[in-house]
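# Topology and contacts: notes
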Amino acid sequence: MEERWSTEHVLSLAPDAASRKAAGKLSSPAPWSGTGTDGAALWGECRGSGRTPYRTVIELATPAYQCSCPSRKFPCKHALGLLLLWSGAPEAVPTGEAADWAAEWLRARRERAEKRAAPPADPEAARRRAERRGARVAAGAAELRLRLADRIRHGLADQSTAGPWEEVAARMVDAQAPGLATRVRELDTLPEERLLAEYAMLHLLATAATRIDELPPELAATVRARVGYTLDAAEVLTGPTVRDRWLVLGSRDTADERLTTRRVWLRGAKTGRPALLLAFGRPGQAPDLALPTGHLLEAELAYHPGARPLRAALGTRYGAPEPGPAAPPAGLTVAEAVAGYGTAVADDPWLDSWPTVLAGVVPVRAPDGWHLTDGHHTVPVSTSAVPEAALWRLVAVSTGRPLTVFGEYGHQGFAPVTAWSAEHRPVGLSSS
């Protein structure tokens, strides 16, 4: 029997609260006809205000959605309603062969995926493009080093010759180094006390970018990623993969005017390796990756290359997410977490944080801010990444008792994402 998603899992896909509410009204069999599933996809027709019902089809593995309704939200309320119907009333979505219109969309998706995975038509032309970009990146990085040295030469307190960094960032975009451009733009927003450290790290990265061919392969891959070179998931998945039962430690969404980014952290039950999955959505569209915290997913992951591999691409899944162990994940003391981050930074000097599970810690609010303590050592909480309401929720989960907390530990403190209550139920802390 196929594994159905939980209601929590389905609703985590919704782009906003209004979509969740509207989907609830479409989660009964009444408005639906012609529903079905083949284990890999769902389809059905939903009666709306017009004469023609809306046709909805969902590919479950990604997931991906198609609906004939005019909604600009993604997934729309019809896709969410069909998923809720399939989750809560399996008998209303019988197993069978896909309707012609649904089968056509699914076939077209497979063909596009195969085309994207195909090797480039002209490898020699691709090599020449890569060489040209490498030269442009090196030239841009060399210019950035000069700009940074000039600022230091005049002194950080001397603003007479210091203009905004936006012009330099634009030069980095022209040099096809978007990662450098992003870090340069941030210089205008940093407090003075952090500028010198950021100048140093940016100078180190720019220097490495001018000497990529001289670096060890793993460090060179890290520098390329920091500079802004990207790899498609299909390209990453052509390399070695790691099959494991991955525990979903937590997720966090961040948004700006251009897109929503979802981060999902995993830990291998057998290998113990951490992994970070990224998914993106346009405004009004939820990222298409939704894995329920505390569940286990058996799947293959391919790690992006680097000196400290963490980001991964999700490959073949072997079933739907299943409820995880009753106990919270094994964690570290505060001292062990600090040492672990230090080891990670030794491999990747530009690493801002590292996924960490702390065990036996209690949240404390002090005059100088929030902290987590295990009775022997204390770590500050990074309040810039976590809303105040979420920290009070952490206090409510703890009720003064030690608990297990997952988050990211870095040089600015610990940013909690998930806490396990006394009943060992995971509680998300990444939203207000």
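These lines cover the structure that appears in this document, whether it is placed above or below. (Residues numbered from 1 in each chain as written. Predicted model: local features only at pLDDT ≥ 70, side-chain atom pairs only at ≥ 80, totals over all residues. Heavy atoms only, no water.)

### Regarding the packing of helix H5 (residues 123–154) against helix H6 (residues 166–174)
Threshold: Axis definition: a line fitted to C-alpha atoms, over the contacting stretch in the case of helices. Angles run 0 to 180 degrees between N-to-C directions. Note on conventions: DSSP H or I runs of at least 4 residues are helices, E runs of at least 2 residues are strands, and numbering of each starts at the N terminus. Orientation labels follow simple angle bins: below 35 degrees gives roughly parallel, above 145 gives roughly antiparallel, 65 to 115 gives roughly perpendicular, and whatever is left gives oblique. For any helix crossing, the convention is left-handed if the near helix is rotated counterclockwise from the far helix by under a right angle, and right-handed if that rotation is clockwise. By the convention used here, residues are in contact when the closest approach between their heavy atoms is within 4.5 Å. Under the convention adopted here, Pro, Cys and the residues Ala, Val, Leu, Ile, Met, Phe, Trp and Tyr are nonpolar, Asp, Glu, Lys and Arg are charged, and Gly plus all remaining residues are polar.
It is at 9 Å that the axes of H5 and H6 come closest, and there the two elements cross at 160 degrees. Relative to H6, H5 is oriented roughly antiparallel. As H5 packs across H6, the resulting crossing turns out to be left-handed. Between H5 and H6, the residues in contact are Arg136, Gly140, Glu143, Leu144 and Arg147 and Glu167, Val168, Arg171, Met172 and Asp174, respectively. Residue classes in the contact of H5 with H6 are distributed as three nonpolar, one polar and six charged.

### Let's talk about unusual backbone geometry
The line we're drawing: Exposure classes here rest on a 1.4 Å probe applied to the protein chains alone. A residue is buried below 20% of its type maximum, exposed above 50%, and partly exposed in between.
With an omega of 0 degrees, the peptide bond running from Phe74 to Pro75 counts as cis. With respect to the element layout, Pro75 can be found in the loop between strand E4 (64–67) and helix H3 (77–88). Phi at Gln176 takes a positive value of approximately 60 degrees, unusual for a residue other than glycine. On the secondary structure map, Gln176 appears in the loop between H6 and helix H7 (178–186). Within the chain, Thr399 stands out as a residue other than glycine whose phi angle is a positive 50 degrees. Relative to the helices and strands, Thr399 is located in the loop between helix H12 (388–398) and strand E14 (403–410). In this structure Thr399 comes out as exposed when scored by relative accessible area, which is 52%.

### Re the layout of surface pockets
Rules: Here the term cavity refers to a set of points on a 1 Å grid, laid over the protein atoms alone, in which a 1.4 Å probe fits but cannot get out; the term pocket refers to an open set having protein on both sides within 12 Å along at least five of seven lines, with lining residues being those that place an atom within 4 Å of a point. Grid points are joined across faces, edges and corners, and a volume is the space filled by probe spheres set on the points.
Estimates place the volume of the second largest pocket at around 920 Å³. Lining the second largest pocket are 38 residues, with Glu8, Ser12, Ser251, Thr293 and Gly428 sitting closest to its centre. Of the residues assigned to the lining of the second largest pocket, the class counts are 18 nonpolar, 13 polar and seven charged.

### Section: the pairing of strand E3 (residues 54–59)
Filter applied, for reference: Strand pairing is assigned whenever DSSP detects at least two bridges linking the two strands.
Among the six residues in E3, five count as buried, and that is most of the element. In terms of strand pairing, strand E2 (residues 41–46) meets E3 through six bridges, oriented antiparallel. Looking at E3, one finds that Leu42 is bridged to Ile58. With four bridges joining them, E3 and E4 adopt antiparallel strand pairing. In the sheet register, Val57 faces E4, and the bridge partner there is Gln66. Counted along the chain from E3 to the antiparallel partner E4, the turn is four residues long.

### Re the sheet that holds E4
Spatially, four strands are ordered E1-E2-E3-E4 in an open sheet, and the strand pairing comes out antiparallel. Only two strands of the sheet have a single neighbouring strand rather than two, namely strand E1 (32–37) and E4. The sheet shows a mean angle of 10 degrees between the axes of neighbouring strands, taken without regard to direction. Bridge count between E1 and E2: four bridges; the pairing is antiparallel. Directly across from Ser33, in E2, lies its bridge partner Glu45.

### Regarding the packing of aromatic side chains
For clarity, the cut-off: When two rings of Phe, Tyr or Trp (its six-membered ring) have centres within 6.5 Å they constitute a pair, described as stacked for plane angles under 30 degrees, edge-to-face for angles over 60, and tilted for the intermediate range.
Per the counting criterion, the structure on display carries five aromatic pairs. Ring centres of Tyr341 and Tyr409 lie 5.6 Å apart, and the angle between their planes is 85 degrees; on these two criteria the pair is classed as edge-to-face. Note that Tyr341 is positioned in helix H11 (residues 334–347) and Tyr409 in strand E14, a separation of 68 residues in sequence. This pair shows no difference in class: Tyr341 is buried, exactly as Tyr409 is. Centroid distance Trp370 to Trp392: 5.0 Å. Interplanar angle 85 degrees. Geometry classified as edge-to-face. Placement of Trp370 in strand E12 (residues 369–373) and of Trp392 in helix H12 is noted, with a sequence separation of 22 residues between them. Since its relative accessible area comes to 6%, Trp370 is described here as buried.

### Some words on the state of the cysteines
Here, the word disulfide means a covalent bond between the sulfur atoms of two cysteines. The following threshold applies: Pairs of cysteine sulfur atoms within 2.5 Å are what we label disulfides.
Under the definition given, this model contains zero disulfides. Cys46 carries a free sulfur, and the closest cysteine sulfur to it, the one in Cys67, is 7.7 Å from it. Judged by its relative accessible area of 0%, Cys46 falls in the buried class. Cys76 takes part in no disulfide bond, and the closest cysteine sulfur, belonging to Cys67, lies 3.7 Å away.

### Focus: the environment of Leu247
Its place among the elements puts Leu247 in strand E5 (residues 242–255). Measuring from C-alpha to C-alpha, the distance between Leu247 and Cys67 comes to 32 Å, with 180 residues separating the pair along the chain. Apart from the residues within four sequence positions on either side, Leu247 is in contact with Trp265, Leu266, Arg267, Gly294, His295, Leu296, Pro325 and Pro329.

None of the figures reported here should be taken as evidence of function without further support.
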